[in-house]
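Listed below are the residues making up each chain.
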Amino acid sequence: MDSYINHVDFFKGNNPEDIAREYGTPVYVYNEDVIRAHMKSVAQVITKYPYTANYSVKANTNIHILKMALEEGVNCDAMSEGEIRMLEAAGFPYDRIFFVPNNVSREEMQYAIDRNIMTSCDSLSQLEQYGELNPGGKCAVRINPGVGAGHHEKVVTGGKKTKFGISESDIDEIFKICDKYNLTIAGINQHIGSLFMEPDPYLDAVTNLLRIAKRFDNLEFIDFGGGYGIPYHKLDDQPEYDMESFKKRLEPIIDSFVADYGKAPLFKSEPGRYCVAEGSVILGRVHATKDNSGHHFIGTDIGMNVLVRPSMYDSWHDIEILRDGKPVSRDSLTEQNVCGNICESGDLLCKDRPLPKAIKGDLVCVLDTGAYGYSMCSTYNSRPRPAEVLVKSDGSLKLIRKRETYEDLLKLM
Ligand code: LLP
C-alpha cells in the first residue's frame, strides 16, 4: 500500500501539517476509532465460555485510552502501583483490575491488597510475601509456561531463560505455602511473550496451562496472557493477525479442558499491543539532511527518547514522508537513515531504508506507535516528553496529554 494514513483516513480529514503546527512536534496522534475497534475485537476472543479481555496497560496508560477500555467492557491488567493508580484515575473499579507484578515490595503488594485487587504472585517468594501480608486471602499464581515467543529475545517471557513465573516443577511448593498461610488460589495466569503473528506457540502454551490447571481445584479463572501481533510492515501489505482463525483453533482446546475439569472457569487474555499499537502515529519534523560516506541521514526531532523501540529491539516501524501534509509518493525510493536529535549513534528510526526522498521541513510520520511508544518515553538529553493528541470519532481533535515543559523537568530538584 502506498500510504496507510490515507488508506484508513487516519487523521479524519485533518491536515497533519495543521496538527503539527498547532501542537508542535514531535507529537503522538491517536485515532479513537482504530483503538476502539481493536478493543472490541479482543473482547470477543472467546464467546462460548465466560471470558474477559484484560488490556495490558503497560502498552499505554494514557487515561483517555484507559477510559475507552472501560467503556468497551475490557478489563485491565496492571504491573505496578503506578499503573493501578492510572486505572483508578480513569475510573476503573477494583474488581476490573488484575495486578500482575514482578518482584514487588511489601508496600506495593499491600497497596493492591488494601483495595481487594486480585493479585498474581510470580515466584514462590512473592507468594510467601502475599501469605504474610494477607493470611487467609485469595490470590493467583503466574505459571512459567515453559515455552516462549516474541519479536525479540528481550520480550520473551516464558521458558527456562526468563525471570517470570513459577515453574511447573515447583507447583507442590505452591500448595505448601498455601497451607502455611491458608491461602486460596483463585486463578492461574501466564504470558509467553510479546508479538507473535502465528498463534501456534500461544496455542501450545494454552494447552500446557490447561493441563497444569487440572492440578488446581476450583479455579475461578485462567488467564492465557497477551502477545497478539499487529502488522508493522503494513506498507508492504503484511496481513493483520488472523483473529478469526485463532479463535477457531482455540475453542476446541478449551472445550476439551472444560469437559475434563467439569466446569468452565472465567477465561482471560491479556493483550496490550493489539489494543493500541495501530491506533497511533508520531509526527516529527525534518530539521536537517546530510550525506555521510555514502549514507543519507534524515535528522528529525523523533529521538530515541520519543520512541525507543527501534534502538532497543531493532524494531521496524513503517515511515511515511509528508510534504505540505500529504504523503510523498513511494514510486521512487532512495535508501535513507532516519534519525533523531539524541547524542547516541543508535538514535535511529531506520537504517538504509528505501523511502521517498525527504527534505528539510517535511514531516516524518512513524506508524504503529500506540503500544510501548509513549509509555517507554524518557527525558534523555533533558528533552521534555511529547504531547499526545486524539482524533476523536467525530473528527475533532483533543489534546490528551500536554507536552512536558522545561519547568516540569526542573520541578523535582
Ligand atoms: N501480560 C503480561 C504479564 C506481560 O508481561 C505483557 C507484556 C502483556 C500481558 C502484554 O503483552 P502484549 O499483548 O502487549 O504483547 N516493550 C516491548 C514489549 C514488552 C512486553 C512486556 N510484557 C515492545 O515494545 O515490543
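Quick caveat, the model's predicted, so the values are computed rather than measured.

Draft legend 1. Molecular detail of the site of the ligand. In the vicinity of the ligand lie 19 residues, with Ser194, Glu270, Arg309, Tyr313 and Tyr372 positioned nearest. At 2.4 Å, a side-chain N or O of Ser194 approaches an oxygen atom of the ligand. Across the complex, the protein chains shield 93% of the 580 Å² of accessible surface that the ligand would expose by itself. Applying the majority rule of atoms within 2 Å of the grid points places the ligand in the largest pocket. Domain assignment of the residues forming the shell around the ligand places at least three in each of domain 1 (4–29 + 278–410) and domain 2 (46–270).

Draft legend 2. Up close: the nonpolar core. Ranked by internal contacts, the top residues of the largest apolar core, which has 100 residues, are Tyr55 and Phe267. Among the elements that take part in this core, helix 9 (residues 200–213) stands out by supplying eight residues, more than any other. When residues are assigned to domains, this core turns out to be shared by domain 1 (4–29 + 278–410) and domain 2 (46–270), each giving three or more. For Phe267, the residues in contact, after removing those within four places along its chain, are Ile46, Tyr49, Pro50, Tyr51, Thr52, Leu210, Ile222, Phe224, Ile254, Phe257 and Val258.

Draft legend 3. Up close: the state of the cysteines. Following the criterion strictly, the structure yields zero disulfides and no others. Its sulfur unpaired, Cys178 is 6.2 Å from the next cysteine sulfur, which belongs to Cys139.

Draft legend 4. Quick look at helix 7 (residues 124–133). Among the ten residues that make up helix 7, seven are buried, leaving the element largely enclosed by the rest of the structure. Among all positions of helix 7, only Gln126, Leu127, Glu128, Gln129, Tyr130, Gly131 and Leu133 are buried. For helix 7, the secondary structure elements touched by its buried residues are helix 6 (106–114), strand 5 (118–121), strand 6 (138–142), helix 8 (171–181) and strand 7 (184–189).

Draft legend 5. Highlighting helix 2 (residues 16–23). For helix 2, the full list of buried residues reads Pro16, Glu17, Ile19, Ala20 and Tyr23. The buried side chains of helix 2 occupy one side of the element, clustering within an arc of 160° when seen end-on. Across helix 2 from its buried face, at more than 90 degrees, point the exposed residues Arg21 and Glu22. With a side-chain oxygen positioned 2.8 Å from the backbone nitrogen of Glu17, the residue opening helix 2 is Asn15. Immediately beyond the C-terminal end of helix 2, within one or two residues, lies Gly24, with a positive phi of roughly 80°.

Draft legend 6. Spatial organisation of unusual backbone geometry. Note the cis peptide between Thr25 and Pro26, where omega equals -5°. Within the secondary structure layout, Pro26 lies in the loop between helix 2 and strand 1 (27–31). One non-glycine residue, Asn116, lies in positive phi territory at about 60°. At Asp237, a position not held by glycine, the phi torsion is positive, near 65°.

Draft legend 7. Spotlight on the layout of surface pockets. Estimated volume of the largest pocket: approximately 830 Å³. A class-by-class count of the residues in the lining of the largest pocket yields 15 nonpolar, ten polar and eleven charged.

Draft legend 8. Up close: the packing of helix 3 (residues 32–42) against helix 4 (residues 63–71). Two elements in contact, helix 3 and helix 4, have axes separated by 10 Å at closest approach and are oriented at 40°. As far as their axial angle goes, helix 4 and helix 3 are oblique. Here the hand of the crossing between helix 3 and helix 4 comes out right-handed. For the pair formed by helix 3 and helix 4, the contact residues are Glu32, Ile35, Arg36 and Met39 on the first element and Ile65, Met68, Ala69 and Glu71 on the second. Partitioning the contact of helix 3 with helix 4 into residue classes produces five nonpolar, no polar and three charged.

Draft legend 9. Broad picture of the domain arrangement of the protein. Taken domain by domain, the protein comprises domain 1 (4–29 + 278–410) and domain 2 (46–270). The distance between the C-alpha centroids of domain 1 and domain 2 comes to 32 Å. At the interface, 24 residues of domain 1 touch 19 residues of domain 2. Interface area, domain 1 with domain 2, both sides summed: about 2,000 Å², of which 53% is carbon and sulfur. For the pair domain 1 and domain 2, the number of links is two salt bridges. Note that Lys234 and Glu278 form a salt bridge whose closest N and O atoms lie 2.9 Å from each other. Counting the contacts that link domain 1 with domain 2 gives ten residue pairs in polar contact (both at pLDDT 80 or more). Elements with a contribution of two residues or more to the side of domain 1 that touches domain 2: helix 12 (309–313), strand 12 (319–323), strand 17 (387–391) and strand 18 (397–401). Across the side of domain 1 that touches domain 2, the residue classes tally to ten nonpolar, five polar and nine charged.

Draft legend 10. Up close: the sheet that holds strand 8 (residues 221–223). Around the barrel, eight strands lie side by side as 2-3-4-5-6-7-8-9; this closed barrel has parallel pairing. The sheet shows a mean angle of 30° between the axes of neighbouring strands, direction not considered.

Draft legend 11. Inspection of the environment of Pro231 at higher detail. Within the fold, Pro231 resides in the loop between strand 8 and helix 10 (243–261). Residues Pro231 and Met197, spaced 34 residues apart in sequence, show a C-alpha to C-alpha distance of 8.1 Å. With sequence-adjacent residues up to four places away left out, Pro231 is seen in contact with Met197, Gln238, Pro239, Glu240, Glu278 and Asp368.

Draft legend 12. Layout of the packing of helix 7 against helix 8. It is the contact of helix 7 with helix 8, at a shortest axis distance of 9 Å, that shows an interaxial angle of 10°. As the angle between them shows, helix 7 and helix 8 are arranged roughly parallel. Each of Leu124, Leu127, Glu128, Gly131 and Glu132 in helix 7 lies in contact with helix 8, whose residues at this interface are Glu173, Ile174, Ile177, Lys180 and Tyr181. Each residue belonging to the contact of helix 7 with helix 8 can be placed in one class, and the counts come to five nonpolar, one polar and four charged.

Criteria and thresholds
- Residues numbered from 1 in each chain as written.
- Predicted model: local features only at pLDDT ≥ 70, side-chain atom pairs only at ≥ 80, totals over all residues.
- Heavy atoms only, no water.
- Near = heavy atom within 4 Å.
- Polar contact = N/O pair within 3.5 Å; in protein donor to acceptor, adjacent residues only side chain to side chain.
- Areas by Shrake-Rupley, 256 points an atom, 1.4 Å probe, with all protein chains shown as cover.
- 1 Å grid on protein atoms, 1.4 Å probe; cavity = no way out; pocket = protein on both sides within 12 Å on 5 of 7 lines; lining within 4 Å.
- Sits in = over half its atoms within 2 Å of the grid points.
- Domains from an automatic or database assignment.
- Core = buried A, V, L, I, M, F, W, Y, C linked by side-chain atoms within 4.5 Å.
- Buried < 20%, exposed > 50% of the residue type's maximum accessible area, 1.4 Å probe, protein only.
- Helix = DSSP H or I, 4+ residues; strand = E, 2+ residues; numbered from the N terminus.
- Contact = heavy atoms within 4.5 Å.
- Disulfide = S-S within 2.5 Å.
- Arc of directions from axis to C-beta.
- Points joined across faces, edges and corners; volume = space filled by probe spheres on them.
- Nonpolar A, V, L, I, M, F, W, Y, C, P; charged D, E, K, R; others polar.
- Axes fitted to C-alpha atoms, helices over the stretch in contact; angles between N-to-C directions.
- Parallel < 35°, antiparallel > 145°, perpendicular 65-115°, else oblique.
- Left-handed = near helix turned anticlockwise from the far one by under 90°.
- Buried area = accessible area lost by both parts, 1.4 Å probe.
- Salt bridge = Lys/Arg side-chain N within 4 Å of Asp/Glu carboxyl O.
- Pairing = 2+ DSSP bridges.

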